[in-house]
Amino acid sequence: DAGVTQSPTHLIKTRGQQVTLRCSPKSGHDTVSWYQQALGQGPQFIFQYYEEEERQRGNFPDRFSGHQFPNYSSELNVNALLLGDSALYLCASSLGGAGGHTIYFGEGSWLTVV
Amino acid sequence: QKEVEQDPGPLSVPEGAIVSLNCTYSNSAFQYFMWYRQYSRKGPELLMYTYSSGNKEDGRFTAQVDKSSKYISLFIRDSQPSDSATYLCATHPTGNQFYFGTGTSLTVIP
């Protein structure tokens, strides 16, 4: 049973650049959420995608955008990178509909902005 | 007020000790509670999931929810060095946005 997979695992970007992170959900799951985890902090909700639509969004600026594809995989895009965007970006998948009660994380993508 | 508050520790215990990890939450509408374990530089791994009040046991782990005091706990019996990790509590009202504590760093000393 394939778990949540994310790519790339590590990347370094320059301030002002743009980045795209990718995620494939756990087999059988149709909902993808993205979280940002800064060092020493818990994950913070960015947004959730279900049926290719953004279902809910956390307190993140419009520089953060996403997409969900028909096969349920998802992308997170961050434009105009700031130093403060350096963090572990986590993709989580769940079963949608009324809302899955548990989410399963991938190993994350470590983003360093220099 | 944050939705979930968690003591960040760090917590250091000898092997075999009983560990108690705790969180408080603010919204009485929260019904689903989870504990995740996160090893260094890895993604969080779901450890325990409980609904509403009461206890749930899985091997050496027991999750406890007290809705009257908005308090959630994770107990680890016979702690092992492999339990050394950061433990995150989490909750959500609807299944969309999950709220996480800051995590408690645990070290079990052989």
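What you are looking at is a predicted structure, and each value in this text was computed from that prediction instead of being measured.

Draft legend 1. Structural view of the sheet that holds strand β3 (residues 19-24) of chain A. Residues and elements named next belong to chain A. The strand order across the open sheet formed by 4 strands is β1-β3-β8-β7, and the pairing between neighbours is antiparallel. The open sheet has two free edges, formed respectively by β1 (5-7) and β7 (64-68), since each of these has just one partner strand. Ignoring strand direction, the axes of neighbouring strands in this sheet form an average angle of 20 degrees. Pairing geometry for β1 and β3, over 3 bridges, is antiparallel. Its bridge partner lying in β3, T5 is registered against S24.

Draft legend 2. Geometry of the pattern of salt bridges. All names here are of chain A. Scanning the entire structure with this criterion turns up 6 salt bridges over all chains. Across the salt bridge formed by E54 and R57, the nearest N and O atoms sit 3.1 Å from each other. On the basis of relative accessibility, which here comes to 26%, the residue R57 falls in the partly exposed class.

Draft legend 3. Local environment of the nonpolar core. Among the nonpolar cores identified, the biggest contains 24 residues, and W35, I72, L74, I76 and Y87 of chain B are the most heavily contacted of them. Listing elements by their share of this core, those giving two or more residues are β3 (19-25), β4 (32-38), β5 (45-51), β7 (61-66), β8 (71-76), β9 (85-92) and β11 (104-109) of chain B. At 4 residues, the largest contribution of residues to this core is made by β3 of chain B. In this structure, V4, F47, A87 and L111 of chain A belong to the second largest nonpolar core, which totals 20 residues.

Draft legend 4. Expanded view of the layout of surface pockets. Size it by volume and the largest pocket reaches roughly 360 Å³. In terms of lining residues, the largest pocket is bounded by 19 residues, among which Q37, L39 and G40 of chain A together with Q38 and T86 of chain B are the most central. Contributing elements (two or more residues each) for the lining of the largest pocket: β9 and β11 of chain B. Each residue belonging to the lining of the largest pocket can be placed in one class, and the counts come to 7 nonpolar, 10 polar and 2 charged. Along its surface, the second largest pocket is lined by 13 residues, and Q44 and F45 of chain A together with E3, Q97 and Y99 of chain B are the ones closest to its centre. Where the lining of the second largest pocket is concerned, the elements lending two or more residues are β5 (44-50) of chain A together with β10 (99-100) of chain B. Considering only residue class, the lining of the second largest pocket consists of 7 nonpolar, 4 polar and 2 charged.

Procedures and definitions
- Within each chain, residues carry numbers counting from 1 in the order of the written sequence.
- Working convention: letters from A go to chains and numbers from 1 go to ligands, in the order in which they are written.
- In view of the model being predicted, local features appear only for residues whose pLDDT reaches at least 70, and side-chain atom pairs are presented and counted only at 80 or more, with totals across whole chains, interfaces and linings using the full set of residues.
- Only hydrogens and water are removed before side-chain values are computed, so all heavy atoms of the structure are retained for them.
- Strands qualify as paired when DSSP identifies two bridges or more between them.
- Each helix is a run of DSSP H or I of at least 4 residues and each strand a run of E of at least 2, with the numbering of both proceeding from the N terminus.
- Only C-alpha atoms enter the line fits that serve as axes; for helices the fit covers just the stretch in contact. Angles between N-to-C directions range over 0 to 180 degrees.
- By salt bridge we mean one thing: a side-chain nitrogen of Lys or Arg within 4 Å of a carboxyl oxygen of Asp or Glu.
- The classification of residues rests on relative accessible area computed with a 1.4 Å probe and restricted to protein chains. Under 20% of the type maximum is buried, over 50% is exposed, and intermediate values are partly exposed.
- Put simply, a nonpolar core is a bunch of buried Ala, Val, Leu, Ile, Met, Phe, Trp, Tyr and Cys residues held in one set by side-chain atoms that sit within 4.5 Å of each other.
- The distinction between a cavity and a pocket rests on a 1 Å grid over the protein atoms alone: a 1.4 Å probe fits inside a cavity but cannot get out, while a pocket stays open yet meets protein on both sides within 12 Å along at least five of seven lines, and a residue with an atom within 4 Å of a point counts as lining.
- Grid points are joined across faces, edges and corners, and a volume is the space filled by probe spheres set on the points.
- Gly is put with the polar residues, along with every residue not named as nonpolar or charged; the nonpolar set is Ala, Val, Leu, Ile, Met, Phe, Trp, Tyr, Cys and Pro, and the charged set is Asp, Glu, Lys and Arg.

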